[in-house]
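Summary of the model geometry
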Amino acid sequence: MTSAPTSTTPADALDGDIQALLSGRHADPFRILGPHREDTRTVVRVLAPHARRVSLVRDGAAGAAELPQVRDGFFMGEAGDLPLGEPSAYRLRIDWGGAEQETEDPYAFGPLLGDLDLYLIGEGRHEALADCLGSHVMTVQGVQGVRFAVWAPNARRVSVVGDFNAWDGRRHPMRLRHGAGIWELFIPRLQAGERYKYEIVGAGGQLLPLKADPLARQTEMPPATASVVPPPEPFSWTDDEWMATRAARQAHDAPISVYEVHAGSWLPRDGDSEENIWQRLGDRLVPYAKDMGFTHLELLPIMEHPFGGSWGYQPLGVFAPTARYGTPADFARFVDRCHAAGLGVILDWVPAHFPTDTHGLVEFDGTALYEYSDPREGFHPDWNTLIYNLGRTEVRNFMIASALEWLQRYHVDALRVDAVASMLYRDYSRNAGEWIPNRYGGRENLEAVDFLRDMNAAVTRLCPGAITVAEESTAWPGVTARPEDGGLGFTYKWNMGWMHDTLRYMHHEPVHRSYHHHDMTFGMVYAYSERFILPLSHDEVVHGKGSLLNKMPGDRWQRFANLRAYFGFMWTHPGRKLLFMGGEIAQPAEWNHDASVDWPALDDPLHRGVQQLVRDLNHLYRELPPLHRHDTDPGGFSWVVGDDAGNSVFAYMRNDGERHVLAVCNFTPVPRHDYRIGVPRPGWWRERLNTDAADYGGSGVGNGGGRSTEAIAAHGQAQSLSLILPPLGTVILEYQG
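Throughout this description, residue numbers start from 1 for each chain and increase along the sequence as written. With pLDDT at 70 or above as the cut-off, local features in this predicted model cover only qualifying residues; side-chain atom pairs require 80 or more to be listed or tallied, and sums for whole chains, interfaces and linings still use all residues. Neither water nor hydrogens contribute to the side-chain values; these are computed over all heavy atoms in the structure.

1. Comments concerning the nonpolar core
Here is the rule: Residues belong to one nonpolar core when they are buried, are Ala, Val, Leu, Ile, Met, Phe, Trp, Tyr or Cys, and are joined through side-chain atoms within 4.5 Å. Only protein chains enter the area calculation, which uses a 1.4 Å probe; residues under 20% of their type maximum are buried, those over 50% are exposed, and those in between are partly exposed. A run of DSSP states H or I qualifies as a helix once it reaches four residues; a run of E qualifies as a strand once it reaches two. Both are numbered from the N-terminal end. In what follows, residue pairs with any heavy atoms lying within 4.5 Å of each other are defined as contacts.
Ranked by internal contacts, the top residues of the largest apolar core, which has 187 residues, are Tyr 259, Trp 266, Phe 331, Phe 334 and Phe 567. Considering every element that reaches this core, the biggest residue donor is helix H8 (residues 393-409), with 9 residues. Not counting chain neighbours up to four residues away, the residues in contact with Phe 331 comprise Trp 278, Leu 299, Ile 302, Pro 321, Leu 347, Trp 406, Tyr 410 and Val 412. One finds Val 640, Leu 723, Leu 725 and Leu 733 within the second-largest nonpolar core, a separate group that totals 17 residues.

As structure tokens, then:
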């Protein structure tokens with residue numbers, strides 16, 4: 001040990017700064033800590049509360065030079081001709097009383113983020129925000145460590161805390177980059193896997209609850225709430241072919257049939273498994289969905305969320321896959337396996353609101369930073385959550401960056417944006433006097449409109465082939481129109497009206513359905529006003545609504561028959577398809593996120609029959625272009641029988657300009673013999689599917705494989721078919737000449 005260096009600046013002259021550092025109240029630690037030039041010499045100052053001694057180590061020097069402890073936990077001394085701006089020129093050897101640490105000095109490093117990064121963040125236009133903020137393993141000036149950066153413009157002090165500093169906020173206070181409101185720090189020798197949070201002294205001088213990193217790419221397992229430094233290695237993808245062709249797979253003329261899944265409750269409950277959820281889903285869900293003929297998997301939100309009972313719809317870690325199901329690399333591997341199997345991946349994504357958990361975004365720097373300050377704008381009465389202030393450029397940038405993160409980093413193919421209606425209207429679920437009008441005095445949330453347009457434009461520009469889907473339940477015009485045409489820019493919109501109308505019709509006893517015939521036809525009045533997906537989602541089978549099967553009337557056989565006929569109607573109706581897990585096997589009970597799909601029900605032939613029907617419908621939907629190619633073109637659909645309310649029969653033609661497909665639905669338990677349907681082409685019409693087939697659990701009433709036309713005019717056509725309509729059944733016929 002060499003003799004202790006001295007400092008030319010008396011400690012008394014720094015007493016106010018030292019006390020502020022030791023009390024965790026200093027706003028500019030780099031002004032005091034680290035190496036500083038005093039006259040012709042360099043002095044090094046170190047804050048290390050609870051350390052026994054701190055020594056200065058220089059390569060080539062004869063031993064370590066101990067720094068005097070001038071206050072409890074504050075060390076400083078001269079370092080001779082030590083150069084500034086060279087962090088690797090010395091190291092600190094710290095004796096913690098039983099453990100010794102040797103590291104470069106965090107306060108020897110200069111500013112980390114570039115001026116362009118700071119400018120773009122301030123402008124709200126940083127398109128790689130997650131590569132800039134958050135925690136990142138990197139090498140700075142030849143030293144390996146972790147760079148931390150967080151936006152907290154109104155904070156008085158921000159520190160990084162974690163296991164590496166005993167969660168002591170005095171140990172690693174950060175540098176404020178004025179103007180952008182970014183706090184940054186590089187901590188040498190830290191590695192991936194470290195847990196951390198931010199300790200923040202708020203705008204009012206109050207010490208806030210420890211905050212998780214808003215841009216953390218990895219988190220620890222809930223209910224713990226710390227962020228985790230992610231590994232720097234990129235995932236090795238094998239899906240180049242998929243990425244090059246996915247635009248065509250998701251285009252307006254492509255068949256899209258979505259299997260909606262809650263990742264935590266799809267798998268059978270077969271005891272503890274050493275494999276993580278993503279691995280098990282890759283082994284079982286991926287081949288199952290492929291065999292069933294679905295084109296996409298849609299996952300309920302997998303972003304980190306504190307409350308499992310929210311199903312992910314109250315997320316706080318909007319850049320991190322939840323640790324419940326595995327690591328970020330595990331999720332990436334799952335997506336890669338989906339693509340290898342020819343399945344697209346859609347994620348539910350929630351930019352409308354966030355929960356009030358104190359470790360999250362609420363009053364992040366002691367002010368309403370991410371949320372509106374006025375509860376008439378910032379509090380969501382339906383979910384007791386907070387609403388993002390999308391009028392703030394940094395918040396809008398934050399949320400757009402989250403959307404891009406999933407599409408770019410994880411190769412996700414689509415985002416289904418949750419609760420769009422709640423974003424569009426300032427008076428959503430509010431009574432008079434409980435909301436603030438926009439600047440024109442209206443109810444439209446203009447900031448949210450601009451955000452959605454910007455988000456969709458960014459996805460189109462930066463994520464080739466990716467799409468977005470809106471869960472929007474109102475008549476807001478132009479949801480799927482281009483932003484430059486005044487629309488919101490979504491690719492598809494959930495058709496909530498179709499879902500509500502048709503399920504209401506199916507709930508009625510067949511004898512009463514003639515009075516509600518319009519519920520099944522009204523959807524075609526507006527079918528081409530947007531590009532629609534027909535959703536039978538998780539929302540329809542929870543909270544006492546019952547399963548799809550139990551929404552159907554009649555005895556047990558009739559309930560199954562009704563559901564099969566309804567699926568036949570849905571799969572032949574214009575609009576992409578979406579079905580929540582369990583619906584494909586006619587699960588008896590409504591969904592319970594603490595259980596799993598009722599797979600044992602498949603021991604019953606009726607349940608197996610529905611599963612086989614959905615499989616066959618999916619494959620037929622993909623095989624027959626008339627069922628999907630002109631989904632957004634009114635010329636691809638025409639009513640043949642839309643007014644037979646007395647018999648509760650519907651018949652319609654789908655065509656792609658070359659091939660013709662006829663769908664006929666009988667929603668009564670009475671078979672209809674010699675039911676005549678006019679068709680545009682003479683010749684043989686093959687019966688491609690009959691939901692009443694015995695293989696599906698039906699009665700087997702049908703048309704013997706098809707029918708030939710007769711020269712009998714009907715429905716404006718010169719020829720017609722004489723059909724047998726099975727009870728509570730849908731038949732699909734294709735013209736084959």
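2. Re the UniProt feature "active site" (unreviewed entry) in the protein
Which entries qualify depends on this criterion: UniProt positions are given in the numbering used here, feature names are shortened, and annotations may be inferred rather than shown by experiment. Each polar contact in these results corresponds to two N or O atoms within 3.5 Å; when the atoms are within protein, one needs to be able to donate a hydrogen and the other to accept it, and residues that are neighboring in sequence are counted only if both atoms are side-chain atoms.
UniProt records the feature "active site" (unreviewed entry) for Asp 418 and Glu 471 in the present numbering. Over a stretch of 54 residues, the named residues converge on one spot in the fold, their C-alpha atoms separated by at most 5.4 Å. Mapped onto the secondary structure, Asp 418 falls in the loop between strand S23 (414-417) and helix H9 (420-424). Owing to a relative accessible area of 8%, Asp 418 belongs among the buried residues under this scheme. Discounting residues that sit within four places of it in the chain, Asp 418 has contacts with Tyr 313, Trp 349, Val 350, Pro 351, Ala 352, Met 423 and Glu 471. A polar side-chain atom of Asp 418 sits 2.8 Å from a polar atom in the side chain of Arg 416. One can find Glu 471 in the loop between strand S24 (467-470) and strand S25 (492-494). Given the relative accessible area of 12%, Glu 471 is considered buried. With near-sequence residues (within four places) excluded, Glu 471 lies in contact with Arg 416, Val 417, Asp 418, Ala 419, Val 420, Ala 421, Trp 494, Met 496 and Asp 539. Only 2.8 Å separates the side chain of Glu 471 from the backbone nitrogen of Ala 419, close enough to count as a polar contact.

3. Observations regarding the packing of aromatic side chains
The line we're drawing: Centres within 6.5 Å are what make two rings of Phe, Tyr or Trp a pair, Trp counting through its six-membered ring; a difference in plane orientation under 30 degrees is then read as stacked, over 60 as edge-to-face, and the rest as tilted. To sit over a ring, a charge needs its Lys NZ or Arg CZ within 6 Å of the ring centre and within 35 degrees of the ring normal.
A full pass over the atoms with the stated rule returns 41 aromatic pairs. On the numbers, 5.4 Å between centres and 80 degrees between planes, the contact of Tyr 288 with Trp 599 is edge-to-face. With Tyr 288 in helix H5 (residues 277-291) and Trp 599 in the loop between strand S27 (576-580) and helix H15 (605-623), this pair connects stretches of sequence that are 311 residues apart. A residue is classified by how much of its surface remains accessible, and Tyr 288, at 14% relative accessible area, is buried. Within the aromatic cluster, the residues linked to one another by ring pairs are Trp 498, Tyr 505, Tyr 566, Phe 569, Phe 637, Trp 639, Phe 650, Tyr 652 and Phe 667. Here Arg 175 stacks its cationic end above the ring of Phe 30, 3.6 Å away from the centre of that ring. One Lys or Arg, Arg 416, reaches over the ring of Trp 494 and ends 4.1 Å from the middle of that ring.

4. Description of the pattern of salt bridges
Here is the rule: The working definition used for a salt bridge is a side-chain nitrogen of Lys or Arg within 4 Å of a carboxyl oxygen of Asp or Glu.
Here the structure, examined in full by the defined rule, presents 53 salt bridges. A salt bridge links Glu 484 to Arg 482, with the nearest nitrogen and oxygen atoms 3.4 Å apart. A relative accessible area of 47% places Arg 482 in the partly exposed class. One network of salt bridges, with partners in common, ties together Glu 298, Asp 348, Arg 416, Asp 418 and Glu 471.

5. A word on the environment of Pro 106
As for its position among the elements, Pro 106 is in the loop between strand S8 (100-103) and helix H2 (115-123). Spatially, the C-alpha atoms of Pro 106 and Ile 187 are 5.3 Å apart, while their sequence positions differ by 81 residues. The contact partners of Pro 106, leaving out residues within four places of it in the chain, are Phe 30, His 172, Leu 185, Phe 186 and Pro 188.

6. A few points about the sheet that holds strand S32 (residues 684-690)
Put simply, the rule reads: Pairing between strands is defined by DSSP: at least two bridges between them are needed. To define axes, lines are fitted to C-alpha atoms, for helices over the stretch in contact only, and angles between the resulting N-to-C directions are given on a 0 to 180 degree scale.
An order of S28-S29-S30-S35-S32-S33 is seen for the 6 strands of this open sheet, with the pairing classed as antiparallel. At either margin of the open sheet sits one strand with a lone partner, and together these are strand S28 (637-644) and strand S33 (706-708). When the angles between neighbouring strand axes are averaged without regard to direction, this sheet yields 20 degrees. With 3 bridges joining them, S32 and S33 adopt antiparallel strand pairing. Each residue of the ladder has a partner; that of Trp 684, found in S33, is Ser 708. Against the sheet, helix H14 (residues 556-572) contacts strand S29 (649-655), strand S30 (660-666) and strand S35 (729-735), and its axis sits at roughly 35 degrees relative to S35.

7. Topic: the domain arrangement of the protein
For the record, the criterion: What marks off one domain from the next here is an automatic or database domain assignment.
Structurally, the protein comprises domain 1 (14-104), domain 2 (115-229), domain 3 (252-262 + 303-322 + 341-493), domain 4 (496-627) and domain 5 (634-735). If you average the C-alpha positions of domain 2 and of domain 4, the two centres end up 48 Å apart.

8. Here we look at the sheet that holds strand S20 (residues 344-349)
Judged by pairing direction, the barrel is parallel, and its 8 strands sit side by side in the order S16-S17-S20-S23-S24-S25-S26-S27 before closing back on the first. Looking at each pair of strands side by side, their axes are set apart by 25 degrees on average, direction ignored. The pairing of S25 with strand S26 (residues 532-536) spans 2 bridges and is classified as parallel. Of the residues in S26, the one forming a bridge with Lys 493 is Phe 532.

9. Considering the packing of H8 against helix H10 (residues 446-462)
The packing of two helices is summarised by the inter-axis angle and the distance between the axes. We count it as follows: For a crossing to be left-handed, the near helix must be turned anticlockwise from the far one by less than a right angle; the clockwise case is right-handed. Under the scheme applied here, ten amino acids are nonpolar (Ala, Val, Leu, Ile, Met, Phe, Trp, Tyr, Cys and Pro), four are charged (Asp, Glu, Lys and Arg), and all others, including Gly, are polar.
Running from N to C, H8 and H10 cross one another at 35 degrees; their axes reach a closest spacing of 10 Å. For the pair H8 and H10, the sense of crossing is right-handed. Residues Arg 396, Met 399, Ile 400, Ala 403, Leu 404, Leu 407 and Gln 408 of H8 pack against Phe 451, Asp 454, Met 455, Ala 458, Val 459 and Leu 462 of H10. Partitioned by chemical class, the residues of the contact of H8 with H10 number 10 nonpolar, 1 polar and 2 charged.

10. Quick word on H2
Put simply, the test is: Read the arc as the range of directions from the helix axis to the C-beta atoms.
The complete set of buried residues in H2 reads Leu 118, Leu 120 and Ile 121. One side of H2 holds all its buried residues, which, seen down the axis, span an arc of 165 degrees. Away from its buried face by more than 90 degrees, H2 exposes Asp 115 and Leu 116. At its buried positions, H2 is contacted by helix H3 (129-132), strand S12 (175-177), strand S13 (182-188) and H8. Of the residues trailing H2, Gly 124 is marked for its positive phi of about 75 degrees.

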